[in-house]
Amino acid sequence: MWGILIALVSGALMSIQGVFNTEVTKQTSLWVSTGWVQLSAFLVCILAWLVTGRESVSALWQTDPKYTLLGGVIGAFITITVIQSMGSLGPAKAAMLIVIAQLAVAYVIELFGWFGVDRQPFEWRKVMGMLIAIAGIVIFKWEN
């Protein structure tokens, strides 16, 4: 139950953040807005690290495989693409497409066992669920 609640909060925060970031981008620029998002997130992480325990930062360099350290780089591109998609599609359409893309990529990662994730068997019901979600986007976007 806790995982479900956290996932719902995460989705809600992502939508709110996307709207905020899009507005900041309109008033500044894409790179200024994205830089601010990353810098402010970094400062929050430093503060949380100081308050909660101060684990060794040098442990990062023992991380294996090394490509997993690219999460922050990916995070910058996530910020940029969310801003651009929400600016051009609006928050609801963009969020729906983002969630479908997340679901599809996550399922492929599970199917092939990429990045150290336990491999899962193919299930038609999961594919059907994604297709139903895509149909929902088409219905939502449908204009008379």
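Note that the structure is a prediction, hence the values are computed from the model and not measured.

What counts and how
Residues numbered from 1 in each chain as written. Predicted model: local features only at pLDDT ≥ 70, side-chain atom pairs only at ≥ 80, totals over all residues. Heavy atoms only, no water. Helix = DSSP H or I, 4+ residues; strand = E, 2+ residues; numbered from the N terminus. Buried < 20%, exposed > 50% of the residue type's maximum accessible area, 1.4 Å probe, protein only. Contact = heavy atoms within 4.5 Å. Areas by Shrake-Rupley, 256 points an atom, 1.4 Å probe, with all protein chains shown as cover. UniProt positions renumbered as here; feature names shortened; annotations may be inferred. Expected span 1.5 Å × (residues − 1). Axes fitted to C-alpha atoms, helices over the stretch in contact; angles between N-to-C directions. Parallel < 35°, antiparallel > 145°, perpendicular 65-115°, else oblique. Left-handed = near helix turned anticlockwise from the far one by under 90°. Nonpolar A, V, L, I, M, F, W, Y, C, P; charged D, E, K, R; others polar. Phe/Tyr/Trp six-rings, centres within 6.5 Å; stacked < 30°, edge-to-face > 60°. Salt bridge = Lys/Arg side-chain N within 4 Å of Asp/Glu carboxyl O.

1. Re the overall build of the protein
Then, in step 1: Secondary structure summary: the protein contains five helices and zero strands in total.
Then, in step 2: Scanning the protein from its N terminus toward the C terminus, one meets helices and strands in the order α-α-α-α-α.
Then, in step 3: A burial count over the protein gives 17% of its 144 residues as buried.
Then, in step 4: Within the protein, contacts between residues separated by at least 24 positions form 55% of all contacts whose residues are at least 6 apart in sequence.
Then, in step 5: Summed over its atoms, the accessible surface of the protein is roughly 10,800 Å², and 74% of this surface lies on carbon and sulfur atoms.

2. Comments concerning the UniProt feature "transmembrane region" (unreviewed entry) in the protein
Then, in step 1: Per the UniProt record, the feature "transmembrane region" (unreviewed entry) sits at residues 31-51, 67-89, 95-117 and 124-142.
Then, in step 2: The distance separating the terminal C-alpha atoms of residues 95-117 is 25 Å; by composition the span is 78% helix and 0% strand.
Then, in step 3: Summarising residues 124-142: 95% helix, 0% strand, and an end-to-end C-alpha distance of 27 Å.

3. A word on helix α3 (residues 71-89)
Since the α-helix turns once every 3.6 residues, residues separated by three or four places project in the same direction.
Then, in step 1: Spanning 19 residues, α3 covers 26 Å between terminal C-alpha atoms, matching the ideal 27 Å at 1.5 Å per step.
Then, in step 2: The secondary structure elements touched by the buried residues of α3 are α1 (2-27), α2 (30-52) and α4 (91-112).
Then, in step 3: Within two residues after α3, glycine 90 carries a phi angle of roughly 95°, on the positive side.

4. Here's the deal with the environment of isoleucine 134
Then, in step 1: Tracing the backbone through its elements, the reader meets isoleucine 134 in helix α5 (residues 124-141).
Then, in step 2: The spatial distance from the C-alpha of isoleucine 134 to the C-alpha of glutamine 102 is 12 Å, given a sequence separation of 32 residues.

5. Considering the packing of α4 against α5
Then, in step 1: Close contact between α4 and α5 brings their axes to 10 Å; oriented N to C, the two are set at 165°. Classed by the angle they form, the pair α4 and α5 counts as roughly antiparallel. The way α4 lies across α5 gives a crossing that is left-handed. Packed against α4, whose contacting residues are Ala92, Lys93, Met96, Leu97, Ile100, Leu103, Ala104, Tyr107 and Glu110, the element α5 presents Lys126, Val127, Met130, Ala133, Ile134, Ile137, Phe140 and Lys141 at the interface.
Then, in step 2: Split into classes, the residues belonging to the contact of α4 with α5 amount to 13 nonpolar, no polar and four charged.

6. Focus on the packing of aromatic side chains
Then, in step 1: This structure, assessed with the given rule, holds four aromatic pairs.
Then, in step 2: A ring pair is formed by phenylalanine 112 and tryptophan 114, whose centres lie 5.2 Å apart and whose planes are at 15°; its orientation type is stacked.
Then, in step 3: Among the aromatic residues, ring-to-ring pairing joins Tyr67, Phe112, Trp114 and Phe115 into one connected group.

7. Let's talk about the pattern of salt bridges
Then, in step 1: One pass over the full model with this rule turns up two salt bridges.
Then, in step 2: Among the salt bridges present, the one from arginine 125 reaches glutamate 123, with a minimum N-O distance of 2.9 Å.
Then, in step 3: The shortest N-O distance in the salt bridge between lysine 126 and glutamate 123 comes to 3.7 Å.
Then, in step 4: Connected through shared salt-bridge partners, Glu123, Arg125 and Lys126 make up one network.

8. Some thoughts on the packing of α1 against α2
Then, in step 1: Interhelical geometry of α1 versus α2 gives an angle of 135° and a closest axis separation of 8 Å. One element, α1, and the other, α2, form an angle in the oblique class. Like other packed secondary-structure pairs, α1 and α2 cross with a definite hand, here right-handed. Contact residues: α1 offers Gln17, Asn21, Val24 and Thr25, while α2 offers Leu30, Ser33 and Val37.
Then, in step 2: For the contact of α1 with α2, a count of residues per class yields three nonpolar, four polar and no charged.

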